[in-house]
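Chains, contacts and geometry: an overview
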There are 2 protein chains.
Amino acid sequence: MELWYSELQTPNLKFSCKVRATLCRLQTTYQELAVLDTFEFGKMLVLDEMVQTTELDEFVYHEMIVHVPLCTHPYPEEVLVIGGGDGGAIREVCKHPSVKRATLVEIDSQVVQASRQFFPRISASLDDPRVNILHADGVEYIRSFSDAFDVVIVDSTEPIGPAESLFQSPFYQSVYRALKQDGLLVAQSESPFVNADLIRSVQERLKAIFPATYLYLASIPTYPSGLWSFSLGTKRYNPLDPQNTFIPRDTRYYSSQIHRGAFSLPRFVSDLTAPDSSPGS
Amino acid sequence: MELWYSELQTPNLKFSCKVRATLCRLQTTYQELAVLDTFEFGKMLVLDEMVQTTELDEFVYHEMIVHVPLCTHPYPEEVLVIGGGDGGAIREVCKHPSVKRATLVEIDSQVVQASRQFFPRISASLDDPRVNILHADGVEYIRSFSDAFDVVIVDSTEPIGPAESLFQSPFYQSVYRALKQDGLLVAQSESPFVNADLIRSVQERLKAIFPATYLYLASIPTYPSGLWSFSLGTKRYNPLDPQNTFIPRDTRYYSSQIHRGAFSLPRFVSDLTAPDSSPGS
């Protein structure tokens with residue numbers, strides 16, 4: 001028997017991979033959660049019928065969402081990750097010796113539980129003594145902070161369902177307030193090929209709040225189109241001039257060279273960050 | 001009725017897109033050729049069950065395989081494209097005012113014919129007076145030249161079937177001889193996620209022939225993994241220090257910034273270009 005997982009990445013585009021076994025499939029309070037053992041990508045976490053992470057390519061997303069902001073900041077001590085229940089971002093944050101506390105706010109405890117059970121290499125640092133795990137709504141959680149974090153990382157699912165409000169201005173305003181005076185925010189912001197309008201909106205919303213806003217890219221085969229974007233809002237430091245003297249060495253994607261290279265945008269992508277950009281322009 | 005095109009990108013990974021209509025499907029002397037009208041990518045050229053080009057994302061591949069070498073060279077006059085029967089590479093070559101002659105050597109005349117019929121925007125420059133189209137085997141063709149071309153572009157299909165010998169050392173040696181004393185070669189060299197061994201081989205073969213060899217990347221959603229590589233062998237000019245004062249402006253991917261950024265390789269990719277790299281190292 002052949003078993004295939006298929007995902008409609010858009011109504012007209014389907015991604016399918018052959019499955020060895022279904023390791024877990026359940027409905028949490030927030031979403032449908034499945035863990036599949038695939039031939040191509042190893043174990044794969046699927047939330048609400050969308051691939052979130054796989055053993056084969058998780059390193060790209062996790063290294064790039066973490067090391068770009070943490071190497072931009074000269075000495076990140078207080079880091080907050082919103083979403084990211086698989087623990088992959090926390091694992092990368094914990095590589096930084098400057099970090100005193102890494103707080104993970106994941107709304108869905110069953111994501112953390114599934115990652116601990118099925119993805120030991122991704123969830124490896126969840127028990128690091130510097131890590132504090134909370135199961136709460138990130139939007140609510142961050143409201144009570146001001147001048148508290150060096151870096152906030154938004155490692156969310158798609159902007160539909162539980163993560164919708166993580167792409168809205170009120171949330172970004174809360175993040176701005178929760179950041180220290182030289183803090184910075186990074187948020188995953190989907191694919192420039194598939195979600196151009198979303199990127200444009202996120203960039204505009206961040207520009208209205210942060211003194212400087214950037215977009216950078218990484219290649220992630222299991223995400224729609226294979227090209228993924230990250231939006232960065234910063235109060236002081238310029239990500240093109242990274243300040244941290246610590247550079248993680250045990251990486252497979254991130255390097256000082258790729259840190260800068262990731263901000264070299266194809267023309268159709270840099271157009272999305274232009275102040276006057278609008279659909280069709 | 002729903003019609004879907006499905007492609008096994010690997011034995012365990014399938015790419016599918018919804019099809020409005022099959023515009024053409026035939027067996028040529030060399031391969032199966034199909035033109036599909038898809039909802040997601042517009043018209044799509046499929047050769048031997050592999051997507052070659054689509055209206056939506058062809059600009060990435062064609063701009064990147066052409067402008068990187070042509071902007072590296074200070075004044076490219078004689079350009080040879082091997083393969084590339086759709087005409088997309090030739091269209092980009094013709095944007096360069098320095099070019100005196102652009103020769104297209106495509107083994108399969110029916111690819112050129114299909115492109116003229118179904119992809120008018122891709123094949124737009126095939127009738128440029130500087131363009132010379134030949135239907136011949138590129139490996140045979142190039143053997144009769146020495147000191148003749150400024151840039152040779154290998155815009156081939158996968159290294160199985162008609163294009164196999166375009167990835168071998170004897171062919172690269174012929175290209176080296178056919179290039180002028182300051183000429184350079186670019187060849188598409190597949191995906192670092194899916195075809196790491198091939199990239200390693202191509203890099204090693206080029207290194208044995210050219211004084212300097214490089215690898216650069218571009219994001220192409222309809223190709224396996226979405227990340228694609230190009231291998232460059234050069235006799236004199238350094239692609240990181242492009243010499244051409246002409247920079248094409250009517251591009252959607254290429255820019256001076258992306259020219260340099262494309263050579264910023266993720267660590268797992270730069271490992272493929274290291275002299276001591278081998279599977280598992």
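Since we're looking at a predicted model, the values are computed, not measured.

Conventions adopted
Residues numbered from 1 in each chain as written. Chains lettered and ligands numbered in written order. Predicted model: local features only at pLDDT ≥ 70, side-chain atom pairs only at ≥ 80, totals over all residues. Helix = DSSP H or I, 4+ residues; strand = E, 2+ residues; numbered from the N terminus. Rg over C-alpha atoms; globule rule 2.2 N^0.38 Å. Buried ≥ 20, exposed ≤ 12 C-beta atoms within 10 Å, placed from the backbone. Contact = placed C-beta atoms within 7 Å. Least-squares fit on C-alpha atoms with pLDDT ≥ 70 in both. Pairing = 2+ DSSP bridges. Arc of directions from axis to C-beta. Axes fitted to C-alpha atoms, helices over the stretch in contact; angles between N-to-C directions. Domains from an automatic or database assignment. Nonpolar A, V, L, I, M, F, W, Y, C, P; charged D, E, K, R; others polar.

1. A closer look at the overall build of chain A
Along its length, chain A carries eight helices and 12 strands. A compact globule built from 281 residues would reach a C-alpha radius of gyration of about 19 Å, and chain A, at 18 Å, matches this within 12%. Judged by the C-alpha coordinates and their principal axes, chain A covers about 55 × 50 × 35 Å. Here chain A, with 281 residues, has 53% of them falling under the buried criterion. Across chain A, contacts joining residues at least 24 apart in sequence account for 66% of those joining residues at least 6 apart.

2. Topic: the relation of the copies chain B and chain A
Superposing chain B onto chain A takes a rotation of 180 degrees plus a shift of 0.0 Å along the axis, which leaves an RMSD of 0.0 Å. When the rotation and shift are considered jointly, the pair of chain copies conforms to a two-fold rotation axis. Mapped onto chain A, 100% of the interface residues of chain B are again interface residues, and the two copies thus contact each other with one and the same surface.

3. Topic: the pairing of strand β12 (residues 227–234) of chain B
Residues and elements named next belong to chain B. Counting buried positions over the eight residues of β12 gives eight, a clear majority of the element. Alternating positions in β12 separate into two faces, L227, S229, S231 and G233 on one and W228, F230, L232 and T234 on the other, with burial throughout. Here strand β10 (residues 179–188) runs beside β12; their pairing, made up of five bridges, is antiparallel. Residue pairing for β12: V186 is matched across the bridge by L232. As paired elements, strand β11 (residues 212–219) and β12 share eight bridges and run antiparallel to each other. Bridge assignment links A218 to a residue of β12, and that residue is W228.

4. A word on the interface of chain B and chain A
Between chain B and chain A, the residue contacts involve 28 residues of the former and 28 residues of the latter. Elements that contribute at least two residues to the side of chain B that touches chain A include exactly β2 (13–27), α7 (256–261) and α8 (267–270) of chain B. Top element by residues in the side of chain B that touches chain A is β2(B). It accounts for five residues. Pairing geometry for strand β2 (residues 13–27) of chain A and β2(B), over five bridges, is antiparallel. In the sheet register, L13(A) faces β2(B), and the bridge partner there is C17(B).

5. Let's talk about helix α5 (residues 169–178) of chain A
Residue pairs spaced three or four apart in an α-helix point in one direction, given the helix's 3.6 residues per turn. Residue and element names in this part refer to chain A. Of all the positions in α5, only F171, Y172, S174, V175 and A178 are classed as buried. Looking down the long axis of α5, one finds its buried residues gathered within 155 degrees of arc, a one-sided arrangement. Where α5 is buried, its residues touch α4 (138–142), β9 (149–155), β10 (179–188) and α6 (196–207).

6. Looking at the sheet that holds strand β7 (residues 101–105) of chain B
Within a sheet, adjacent strands bond to each other through the backbone by hydrogen bonds, running parallel or antiparallel. Residue and element names in this part refer to chain B. Here we have seven strands laid out as an open sheet, ordered β8-β7-β6-β9-β10-β12-β11, and mixed in their pairing. Each having just a single partner strand, β8 (131–134) and β11 make up the two edges of the open sheet. Direction aside, neighbouring strands of the sheet carry axes that sit 15 degrees apart on average. With four bridges connecting them, β7 and β8 associate as parallel partners.

7. Digging into the domain arrangement of chain A
All names here are of chain A. Parsing chain A into structural domains produces domain 1 (3–54) and domain 2 (58–273). Its C-alpha centre places domain 1 at a distance of 23 Å from the equivalent point of domain 2. Those elements that place two or more of their residues in the side of domain 1 that touches domain 2 are β1 (3–10), β2, β3 (32–38), β4 (42–47) and β5 (50–54). Taken together, the residues that form the side of domain 1 that touches domain 2 break down as 10 nonpolar, eight polar and two charged.

8. Remarks on the sheet that holds strand β8 (residues 131–134) of chain A
All names here are of chain A. Read from one edge of the open sheet, seven strands run β8-β7-β6-β9-β10-β12-β11, paired in mixed fashion. Looking at strand neighbours, the two that pair on one side only are β8 and β11 (212–219), the edges of this open sheet. In this sheet, adjacent strand axes meet at a mean angle of 15 degrees when their direction is disregarded. Relative to β9, strand β6 (residues 78–83) runs parallel, the two being bridged by five bridges. Bridge pairing in β9 places G83 opposite D155.

9. So, the environment of P162(A)
Residue and element names in this part refer to chain A. Mapping P162 onto the fold places it in the loop between β9 and α5. C-alpha separation for the pair P162 and Y30, spaced 132 residues apart in sequence, amounts to 6.8 Å. Look past the residues within four positions of P162 in its chain and what remains in contact with it is Y30, Q31, I107 and T157.

10. A few points about helix α3 (residues 109–118) of chain B
Residue and element names in this part refer to chain B. What α3 keeps buried is the set V111, V112, A114 and S115. On an axial view of α3, the arc spanned by its buried residues comes to 165 degrees, and they lie on one face. Residues of α3 that are buried make contact with β2, β3 (32–38), β4 (42–47) and β8.

11. Regarding unusual backbone geometry
Residues and elements named next belong to chain A. For D48, which is not a glycine, the phi torsion comes out positive at approximately 45 degrees. In this fold, D48 is placed in the loop between β4 and β5. Non-glycine residue D147 carries a positive phi angle of around 55 degrees. Along the polypeptide, D147 turns up in the loop between α4 and β9. A residue is classified by how many C-beta atoms lie within 10 Å of it, and D147, with 10 of them, is exposed.

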